[in-house]
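Below are the chains, spelled out letter by letter.
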Amino acid sequence: MTDAEQRPLAKRPLVWALVAAEAAAATFVAATPWLRAYRLGALAPLLAVAAGASVLVAVAVAVWWRRSPLVSYGCSLAALVVLLVVGVSHDASALVQGAARGPSHLLTDTLPLISPRSLVVPAVLVCWVAGAATGELLCRSARTGAVLAVPVAAYVAAYAVSSGAPGTGAGAGAVLLALLAALAVTRRELEQADRPRAVVEPAASATADPRSGDGMTGGPGPGGRLPRGALGGAAFASLVAVAAWLVVPGLPGLGKAGTSLSRRPATATALTISPVEAIAALRDDDPTAPATTMFSVRTAEASSGYVAVATLDHYDGDTWSFDRTFEPTGGRVPPPPAGIPSTLGPTVRQRYVVRQPLGPSLPFVPYIDRPVEVQGLTLDEDPSSGMVAPVGPVRAGAAYSVTSRVATDTLSQLPPASGVAPVESGIDSQLPANADADLTGTLQYLGRLTGLRPSPTVQFLQAALAAISRTDRRIDPAAAPSGRDASGRESRGGTSLAEVIDATTVARQATPEQFAILFVAVARALGVQARLVTGFRIHAPGAAGVNSEATGAVPPGSYQVTNRQGWTWTEVAVAGEGWVVADPTPAQTTTARSIPPVAGAQTTATVAPPQANALPSNGRGGHALAPSTPVRIPHQGHLSPLWAVGGVLVGLLALCGAVLALVVVRRSLRRFGRRRGAAGAAAVGAWLELLDGLARYGIEPGPAATTGEVAELAGRSYGPEMAEPVRAVGNLADRAVCSTHSGVDGAAAETAWRTSMRVNRQLRTRLSRPQRLRAALVVGRHPARPTSRRPRNRSRRRAASGRRG
């Protein structure tokens, strides 16, 4: 906008403040459906700030600061970045991840989303863009309809995305209609006061309504009263708002929450690992080295003390693995499918701080029992097992909270009369081929130890646990750094069934992994559902080492968990309890040392199992709408500041390019419309095109200036040689509008157009490069096409009655 255009606007700061406040309120109301899609603190104030600041920046730069759209867009982008950093996250990578993955989580997760906070970035972006577009159109466009369309589009988008959340947004839609009606009235009044008269005004304007202040519009002048049509429109809009409030909730499909998409995401198997061996190697890699703190955990309630990392159910006789389909959670983990045992106990709240990430060999995070809610990290979850995996890499210092449902007691603490859960799924009762023959002797061995007949009962399983803990020993690598046992023989802690049986029933000294595998194999041989879990064990306060499973719950408190606490145990399905912990590893240790097995991703001796470990794809969010891509372990560090700055610059350049392309398209459409029609209309269109060009290059005559005055102003600004072609085009336009005898032919109109275009090119060559860029972003404020306004019927009847009188 030029100085001449902005001077009258600046004289009405209170009116512009009212317009900006109405636009900001409409933008915020249009964003209120987002509140149903999230359950995150301070989201409403964040959207309110985004709605108000985006409109205020646009109005301040365009009206009060009097700068070009390029400056306005730059200021708006800078303010948006500040809002995201201050209000959402200081981590640039978290903001990028939230913007990239937020839409897919809104479409595929169970709403409302509760974690992490960066998922609100799409809502803030949409609200800010809507407010900025509304503010720009208020200041730079003459079309009120375009101003009102932006909040409506933003509301429709927010309502559609949040359709899976509880509640409806029909009330917000009604309020939005009422605000838009008020905005239309205020904006029209301001527009009538500030709009200059057309340079070419037909003589028939004298027949307009004599009581109106503007012959062309029929509306009031700057000091006129509020238009009756605007009042009627506001009243009609209010009726529509009330009707929408009452009727919309009762329409089919709008009276209750919609259903979010439920799609099974693709998984990738590019990385094959063995979590059991990875935890064992983490614990026993260098027993002489100081312990490394892996994470700290603070529990608000008592727990079993077993912190899981991975749950495994497939055993091929040598290696344990899992086959999982991870799905987005949005922070709220759904219950397991029907037919799968579910934990029915109370909840335990935990707070974790990662000190040493488990990745890349273990791209998981620890948790207790079955999570029902996770905050602070974006996680994918397998509904059948409750196992969770982060969507992106977890860095040192990352913090997250977990609420889990836990079994009340471990297997040893249950009443002996408890019954095991019926076998409804074969995945947790599968054994490798030819395992029955190997386990027959093991069952007889346990029968002799316990004095009971092996049977699928809780009583026998409890007796087996007690017997193993009483008679066997756990291998402690820290007690014999030489790597050999007391007799000088080198021991090996393999996980094949033959090695497990030999270590636990013959040598009676084994690793936690071997004891757990033995117990799972025995339980499955008896027809009991059992699975292997690997992770860590929390030490009770004052304990010298790892507790016995029979010592009971670990009290609430803060714990530092080290690599020495890596552990593997068993979970058994018990009727009425769900999955309960069964830890057969003895508390007593031996001086033998087990050579730590190497993780499956690094060994060549381990054959990949038939069902390889399936990990969620990290490509584009690892969600249901993302393509299946191989898993890559990205860099663990923060996003480089240089990349963040580069991303902002690229986004700014893309925004500027899009705006420039829009301006070019609009200008071309205006030029095409002005050249259409009869020769006289084309001649007037050439004059309007010339006026827009003069305005772009700094020449803005007053609203009452004649064509001769416009030519004199162009001559004074850019030299006498510019006055004559401007005067020629203006005289032809005057003749086309006012003359009743001398018409304008097509050749003259075409000559006027060539002259107009030549003048614009000559003016452009005389500008500096910044002035050219500013001019390139301006479309023009004069009418898009030459129009003739007829007097209203009421004025025509009054004129006819005057003639009759």
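Everything below is about the structure printed above this text.
What this report covers is the structure whose coordinates are included nearby.

Thresholds, definitions, all that
- Residues numbered from 1 in each chain as written.
- Predicted model: local features only at pLDDT ≥ 70, side-chain atom pairs only at ≥ 80, totals over all residues.
- Heavy atoms only, no water.
- Helix = DSSP H or I, 4+ residues; strand = E, 2+ residues; numbered from the N terminus.
- Contact = heavy atoms within 4.5 Å.
- Areas by Shrake-Rupley, 256 points an atom, 1.4 Å probe, with all protein chains shown as cover.
- Buried < 20%, exposed > 50% of the residue type's maximum accessible area, 1.4 Å probe, protein only.
- Pairing = 2+ DSSP bridges.
- Axes fitted to C-alpha atoms, helices over the stretch in contact; angles between N-to-C directions.
- Parallel < 35°, antiparallel > 145°, perpendicular 65-115°, else oblique.
- Left-handed = near helix turned anticlockwise from the far one by under 90°.
- Nonpolar A, V, L, I, M, F, W, Y, C, P; charged D, E, K, R; others polar.
- Phe/Tyr/Trp six-rings, centres within 6.5 Å; stacked < 30°, edge-to-face > 60°.
- Lys NZ or Arg CZ within 6 Å of the ring centre and 35° of its normal.
- Core = buried A, V, L, I, M, F, W, Y, C linked by side-chain atoms within 4.5 Å.
- Salt bridge = Lys/Arg side-chain N within 4 Å of Asp/Glu carboxyl O.

## Things to note about the overall build of the protein chain
Moving on, step 1. Broken down by element type, the protein chain carries 22 helices and 22 strands.
Moving on, step 2. In the protein chain, the proportion of contacts linking residues at least 24 apart, taken out of those at least 6 apart, comes to 80%.
Moving on, step 3. Element-wise, carbon and sulfur atoms account for 59% of the exposed surface of the protein chain, whose accessible area totals about 35400 Å².

## Thoughts on the pairing of strand β18 (residues 566-574)
Moving on, step 1. With 9 of its 9 residues buried, β18 lies for the most part within the structure.
Moving on, step 2. Residues of β18 alternate between two faces, with Gly566, Thr568, Thr570, Val572 and Val574 on one and Trp567, Trp569, Glu571 and Ala573 on the opposite face, all of them buried.
Moving on, step 3. Both strand β16 (residues 530-537) and β18 contribute to a ladder of 7 bridges, which runs antiparallel. Considered in β18, the bridge of arginine 531 is made with glutamate 571.
Moving on, step 4. Inspection of the sheet shows β18 paired to strand β19 (residues 578-582) by 5 bridges, in the antiparallel sense.

## Looking at the sheet that holds strand β7 (residues 347-354)
Hydrogen bonding along the main chain pairs the strands of a sheet, whether they run parallel or antiparallel.
Moving on, step 1. Ordered by their spatial adjacency, 5 strands build an open sheet running β9-β12-β7-β2-β17, and the pairing between neighbours is antiparallel. Strand pairing shows two members of the sheet lacking a second neighbour, β9 (370-375) and β17 (557-562), which therefore form its edges. The average angle at which neighbouring strand axes cross in this sheet is 25°, direction not considered.
Moving on, step 2. For strand β2 (residues 293-299) and β17, the ladder comprises 6 bridges, and the chain directions are antiparallel. Bridging from a neighbouring strand, phenylalanine 295 pairs with valine 561 of β17.

## Notes on the packing of helix α18 (residues 707-718) against helix α19 (residues 723-738)
Moving on, step 1. Contact pair α18 / α19: the axes reach a minimum separation of 8 Å and the direction vectors enclose 165°. As far as their axial angle goes, α19 and α18 are roughly antiparallel. The two elements α18 and α19 meet at a crossing, and its hand is right-handed. The residues of α19 that touch α18, namely those facing Thr707, Gly708, Val710, Ala711, Glu712, Ala714 and Gly715, are Ala723, Val726, Arg727, Gly730, Asn731 and Asp734.
Moving on, step 2. Looking at the contact of α18 with α19, its residues break down into 5 nonpolar, 5 polar and 3 charged.

## Re the packing of aromatic side chains
Moving on, step 1. Enumeration over the complete set of coordinates arrives at 7 aromatic pairs.
Moving on, step 2. Measuring from centroid to centroid gives 5.9 Å for tyrosine 155 and tyrosine 159, while their planes differ by 40°, and the two rings are tilted. Remark: tyrosine 159 and tyrosine 155 occur in helix α8 (residues 144-161); sequence separation between them is 4 residues, near one turn of the helix.
Moving on, step 3. Ring geometry for phenylalanine 322 against phenylalanine 364: centres 6.1 Å apart, planes inclined by 70°, an arrangement best described as edge-to-face. Separated by 42 residues along the polypeptide, phenylalanine 322 in the loop between β5 (320-321) and β6 (327-328) and phenylalanine 364 in the loop between β7 and β8 (367-368) bring together distant segments of the chain. By the burial criterion, phenylalanine 322 is buried, and phenylalanine 364 matches it.
Moving on, step 4. Grouped by ring-pair contacts, the aromatic residues Phe295, Tyr352, Tyr400 and Phe536 constitute a single cluster.
Moving on, step 5. The ring of tyrosine 159 has arginine 36 sitting right over it, with the charged end atom 5.6 Å from the ring centre.

## Brief notes about the nonpolar core
Moving on, step 1. Counting residues in each nonpolar core, the largest one holds 82 residues, and the members touching the most others are Leu411 and Leu461.
Moving on, step 2. Among the elements that line this core, the one with the most residues is helix α15 (residues 512-525), at 9 residues.
Moving on, step 3. Look past the residues within four positions of leucine 461 in its chain and what remains in contact with it is Leu411, Val420, Phe519, Leu526, Val528 and Val572.

## A word on the environment of valine 161
Moving on, step 1. In this structure, valine 161 sits in helix α8.
Moving on, step 2. Given the relative accessible area of 24%, valine 161 is considered partly exposed.
Moving on, step 3. Remark: the alpha-carbon pair of valine 161 and tryptophan 34, spanning 127 residues in sequence, is separated by 8.1 Å.
Moving on, step 4. When sequence neighbours within four positions are dropped, the list of residues in contact with valine 161 reads Trp34, Leu106 and Leu111.

## Some remarks on the pattern of salt bridges
Moving on, step 1. Tallying each qualifying case throughout the model produces 13 salt bridges.
Moving on, step 2. Measuring nitrogen to oxygen at the nearest pair gives 2.6 Å for the salt bridge that ties arginine 674 to aspartate 692. Of this pair, arginine 674 sits in helix α16 (residues 641-675) while aspartate 692 sits in helix α17 (residues 679-696), placing them 18 residues apart in sequence.
Moving on, step 3. With relative accessibility at 0%, the residue arginine 674 sits in the buried group.
Moving on, step 4. Judged by its relative accessible area of 1%, aspartate 692 falls in the buried class.

What is shown is where atoms sit, not what they do.
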